[in-house]
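Now for the letters of each chain:
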Amino acid sequence: MTARRQLVQIVRKDLRIEARSGEAVLVTTPFGAVALMFVPLAVGTDTPLLRQIGPGLYWVVVLLFGLLVTLRHSSVDTPAQIALLRLSGVHPVVRLTGRAVASALLLLAFEVLLLPVAVALYDPASHGWPWLLPVLPLVATGLGLLGTLAGALAQGLGGRTTLGPVLVLPLAVPLLLGATQVPVSAALGNAPWPWLLLMFTVDLIAVLALLLSAPHLEEVA
C-alpha cells in the first residue's frame, strides 16, 4: 500500500470514529454556541458593542473548543493500535499527517456550523466576508497540526489533557491575531494580506515541525 493510500485510510478511519461518536458536531458545537450566547446575556442589548466584539469572541471560542476536537484524537489510538500500525508499515509521518488532516476537516466543519450562530447573535459588520474563505481553512489547518503535535508529545502521559492546551495555546496566538485582524483591515479598506501571510507562515512551520519530529515522537511513544 502506497503512502498516499495509507494517508487516505487513516483520515477515513478518524472521520468514521467521529461519525459514530459525534463528539465534534453533536457535543462540541452546541457547547460552543452556548459559550457565544453568554456574552450577549451579560452585556445586554448594546448592539454596537456586540457588533464590535463579536468576531473576536467567535475566534476565541473556535480556538478554545477546537482544542477539544484536536486533542481528543490523541487518546483515540491505544498503544496496541499504534504498534499494529508500525507492524503494518505505516510511517510515523503518514500516521500523524492523517491525524492532522482529519482534525483540520473536523475543525473546518466546526467553524462553519458555529459561524451562523455568531452572525445571528452579534450581527457583525459585513465588511470582509470574502476574506473568510482563506481564513477558515488556515485556522483549521493550523489548529489541526498543532493539536496533533501536542497530542503526540503528550502521548502516554497521565496529564495529557492538561498538557495539550498548555502546548498549543501559545503557538496558536498568531492564528488568533490573524483571524481577528482580517475583518478589521477589511473594514478600514486595507487588504489583509500581511495577516493572512502570518497565518500561512504558522501553518507552514507546523507542517515542517510535524514532518521533522514525527519519527522521533514515534520512538518516544
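Residues numbered from 1 in each chain as written. Predicted model: local features only at pLDDT ≥ 70, side-chain atom pairs only at ≥ 80, totals over all residues. Heavy atoms only, no water.

Q: Account for the packing of aromatic side chains, naming residues and giving values.
A: Scanning the entire structure with this criterion turns up two aromatic pairs. Note on Y58 and W59: the rings are 4.9 Å apart at their centroids and 70° apart in plane angle, and the pair reads as edge-to-face. Residue Y58 shares its accessibility class with W59, and that shared class is buried. Between W131 and W193, the aromatic rings sit 5.0 Å apart at their centres with planes inclined by 85°, giving edge-to-face as the arrangement. Here W131, found in the loop between helix 5 (92-122) and helix 6 (132-153), pairs with W193, found in helix 8 (residues 193-220); they are 62 residues apart in sequence, far enough to count as distant. A relative accessible area of 56% means that W193 is categorised as exposed. (Phe/Tyr/Trp six-rings, centres within 6.5 Å; stacked < 30°, edge-to-face > 60°. Buried < 20%, exposed > 50% of the residue type's maximum accessible area, 1.4 Å probe, protein only. Helix = DSSP H or I, 4+ residues; strand = E, 2+ residues; numbered from the N terminus.)

Q: Tell me about the nonpolar core, and please be specific about residues and values.
A: One finds Y58, W59, L114, V135 and V139 to be the most contacted residues of the largest nonpolar core, which totals 46 residues. Elements with a contribution of two residues or more to this core: helix 2 (23-43), helix 3 (47-72), helix 5, helix 6, helix 7 (160-187) and helix 8. The element best represented in this core is helix 6, accounting for twelve residues. Ignoring anything within four residues of it in the chain, the contact list for Y58 reads L36, E111, L114, L115, A118 and L136. (Core = buried A, V, L, I, M, F, W, Y, C linked by side-chain atoms within 4.5 Å. Contact = heavy atoms within 4.5 Å.)

Q: A description of the pattern of salt bridges should follow, citing residues and the corresponding values.
A: It is possible for side chains of opposite charge to pair when their charged atoms get near one another. Taken as a whole and judged by the stated rule, the model has two salt bridges. Linking D14 and K13 is a salt bridge whose minimum nitrogen-to-oxygen distance equals 3.0 Å. Given the relative accessible area of 24%, K13 is considered partly exposed. In the salt-bridge network here, residues are joined through shared partners; they are K13, D14 and R99. (Salt bridge = Lys/Arg side-chain N within 4 Å of Asp/Glu carboxyl O.)

Q: So, helix 5: which residues are in play, and what are the values?
A: Every α-helical turn comprises 3.6 residues, leaving residues that sit three or four positions apart pointing alike. Relative to the 45 Å expected for 31 residues at 1.5 Å per residue, helix 5 spans 43 Å between its end C-alpha atoms, a close match to the ideal helical length. If you look at helix 5, its biggest bend is around 30°, right at L114, and the proline P116 turns up within four residues after that. Downstream of helix 5 by one or two residues, D123 has phi in the positive range, about 45°. (Expected span 1.5 Å × (residues − 1). Bend = angle between axes of the 7 residues up to and from the residue.)

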